[in-house]
Each structure stands twice: as structure tokens, then as C-alpha cells.
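Analysis of the macromolecular model
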Amino acid sequence: VQERMTGSRQPSRGSGRPKSEGTNSTRSERGTGTQSRGGVTGFEVEWYEEEGEERPEQLWKTWDRRAQKAGEHATVYHANGDKYRGQYLANMRHGQGTLTYKNGSKYEGEFMNDKQHGHGTHWANDNGKLRLQYRGGFGNGKRQGSGTFAYSDGGRYDGEWYDGKRHGQGRMTYVDGTVYEGAWQNGMRHGPGTLFMVNGDTFQGEYALDMKEGPGTFYYVSANKRYDGVWSKDVAKCGLYGEMTEGVESTLPQLKLLQPIEVLETRAYELEEERAGVTGGHVDMGEVQDTQGGMSVQQTQQQQDQGYGIQEEDEDVFDELDDSQ
């Protein structure tokens, strides 16, 4: 009572330490007590030495200072239910560590400025069991760089990531066995790519916004047929349909259309106008060919006697095409 009335400092029993002679340390705790300030008496302080002079520090400031984390640290439990064990820098997760989420999922790898950054591995909690979900690069808390992601349905993606999405070159294996290998943008197939189907058929061409868009070639392997044409929003619009192997007698009817090249090019340029809003690109019918040496429109005139025909939005041609892909 006398202490609170007078405001004098009385160290707590057993908490104080005698002052060393000639001490000039920057911070040396001396014990706890009470002090009055601004008409308020009795708030707890801890005394320390700074430049040879004893100064008070409120206990909450002392505890906060001691709570600052740097270097290796024991498990820290967060208010949201997560827990972390690993390295810190400036009170943030920085370096190697393991973060276990409230739902049971776990990340183990590198951190920077309190976020996953660098190389790491993420396990998903699947009915009480940890399932390896992703291993690869991280940037600013998201998947970035090269990495492999295993989907819960059995699908798998190996390739490049940016901002947590498939972006760049990558290979996607779908649960039914279909494989896409090529360019990605913002999580969608976008750019040149090749689609390998379970029955052996293959599409090689351009994609935009996850759909076939622009010049491409579809190979019907079992039927020994190929279609070189132009696609718009996943639908083939016009092109050349013929045999895959040269020298094989064609089973297709002989082409009877007058000026077939002009008809095809006219339709191709109409599609170009329609596609402008999707890709902003130009359709060159000289590119409507297999990238490995297929037939272009300019070659069609000399090859008509081999059974090549022109189809324009003929849905019967695409009965074998799996549009679900």
C-alpha cells in the first residue's frame, strides 16, 4: 500500500538482482516493481540498465520484446488453428519449416516473408490420410515455376505454373488416359498443343481459352484418315479430309466441286473475322497443314486426283471426334 501511495519502486521479492559495479550494458533486466506516472499509480514495470542508467519498462513491452522470433523456433500455434515449426526472421516465417493447417493438410519446404516461397511439398488431408498433392516451386504463397500436381480424381499435371495456375509448357494426363501436351495460360490450354486420345487418334494444332481455335490437324489413326482444317470454338469449320498415308488407294469419292480452293479460302477468311474477337490473329490457309509436313491448301489442286475432298461444316466428318476433350 505504501508503495502504491508513494510511487516508489520496490523490486519484487526474489526477482531483483544487485547492480554490478561499473556496468554499462545496453539492457540488463533488474526485476519488476510498480511505478506512478501521470497521476496513475501501481502499473507494473521491469527495470533494466541502459548506458549505465536504470530505466523502467512496462511488462507488456518486455513480454512483446521477448516474443519476437528469429532463427530456429519451436512449434508456434496460431489463433486460426494452424501450427508452424521452423525458422523465423524478423518475426516472420523465413527459411525451412513445416506448416500444418487446421484441416490436417501440410506444407513442408521453404518460406520467405511469412509465405511459401522456393521449393516445397504440399500434402492434402484425404479422409485422415495425407496424400501427396504438389511438389515443386512456390512464389509468394502460390504454385510457381516447375512442379507436379496430382488431382484427387487421378489426373496429373507436370509442367510450369504461375500465380497458382497452369501457365507455360506442360503435360496434363486426364483420368481417362487422354493426354494433352503443349501451351497453357491462366489454367487453360492456350497456344500450340497436341492431344493424344486413348483410341490412338491425335489432334495437333492451336488452342484458345481451352478450346481448339485456328489451324490444326486431326488424325483418325484407325481409319487411316486425316483432317487438315480450321477450328472455331472447338468445332471444325472447313478444311481438307483425306488419307493419312500416301500411295494408299483412297476410298473417298472424287471431288466434283468447281474452284475448290477459292471456296475454301473464302470460308477461311470468313472464319478469320469470326476468330478475331477470340485470338486477334490472322488465319493463313498455308498454315492449315500438319506441322510435320502435311498438305496445305496450295497443294490441294495437284492432289485432288488422289481422293482429297473439301468439307464445309459437315458434321458427319467428325463422328469419330471426341468433342468432350
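The coordinates are above.
Bear in mind the structure is a predicted one, so any value in this text is a computation, not a measurement.

1. Notes on the pairing of strand β11 (residues 156–162)
Where strand β10 (residues 142–150) lies against β11, 6 bridges are found, and the strand directions are antiparallel. Within the sheet, the bridge partner assigned to Thr-148 lies in β11 and is Asp-158. Taking the residues that link successive antiparallel strands as the turn, the β10-β11 hairpin has 5 residues, and the phi of Gly-154 there is positive, at about 105 degrees. Examined bridge by bridge, β11 and strand β12 (residues 165–173) share 6 bridges and lie antiparallel to one another. Among the inter-strand pairings, Trp-161 is bridged to a residue of β12, identified as Arg-166. Count of turn residues in the β11/β12 antiparallel hairpin: 2 residues, of which Asp-163 carries a positive phi of about 55 degrees.

2. Details of the pattern of salt bridges
All chains considered together, the criterion is met by 9 salt bridges. Across the pair Asp-114 and Arg-93 runs a salt bridge, and its minimum N-O distance is 3.1 Å. In this pair, Asp-114 sits in the loop between β7 (106–112) and β8 (115–126) while Arg-93 sits in strand β6 (residues 92–100), placing the two residues 21 residues apart along the sequence. A relative accessible area of 13% means that Arg-93 is categorised as buried.

3. Here we look at the pairing of β7
As paired elements, β6 and β7 share 6 bridges and run antiparallel to each other. Across the sheet, the residue bridging to Gln-96 is Glu-110, located in β7. From the end of β6 to the start of β7, which pair antiparallel, there are 5 residues, and Gly-104 there has a positive phi angle of about 100 degrees. Both β7 and β8 contribute to a ladder of 6 bridges, which runs antiparallel. Bridge pairing in β8 places Lys-106 opposite Trp-123. Between the antiparallel neighbours β7 and β8 lie 2 residues, among them Asn-113 with a positive phi of about 50 degrees.

4. Re the packing of aromatic side chains
Evaluated as defined, the whole model comprises 19 aromatic pairs. Relative to Trp-184, the ring of Tyr-157 lies with its centre 5.5 Å away and its plane at 85 degrees, an arrangement referred to as edge-to-face. You can see Tyr-157 sitting in strand β11 and its partner Trp-184 sitting in strand β13 (residues 179–185), a full 27 residues away along the chain. Relative accessible area serves as the criterion here: at 0%, Tyr-157 is assigned to the buried category. Classification of Trp-184 as buried rests on a relative accessible area of 4%. Their ring planes at 85 degrees and their centres at 5.3 Å tell us that Tyr-180 and Trp-184 sit as a pair that is edge-to-face. Across from the ring centre of Tyr-84, 5.7 Å away, lies the NZ or CZ of Arg-93, which sits over that ring. One cation-aromatic arrangement involves Arg-143 over Tyr-134; the distance from NZ or CZ to the ring centre is 5.7 Å.

How each quantity is defined
Residues numbered from 1 in each chain as written. Predicted model: local features only at pLDDT ≥ 70, side-chain atom pairs only at ≥ 80, totals over all residues. Heavy atoms only, no water. Pairing = 2+ DSSP bridges. Helix = DSSP H or I, 4+ residues; strand = E, 2+ residues; numbered from the N terminus. Salt bridge = Lys/Arg side-chain N within 4 Å of Asp/Glu carboxyl O. Buried < 20%, exposed > 50% of the residue type's maximum accessible area, 1.4 Å probe, protein only. Phe/Tyr/Trp six-rings, centres within 6.5 Å; stacked < 30°, edge-to-face > 60°. Lys NZ or Arg CZ within 6 Å of the ring centre and 35° of its normal.

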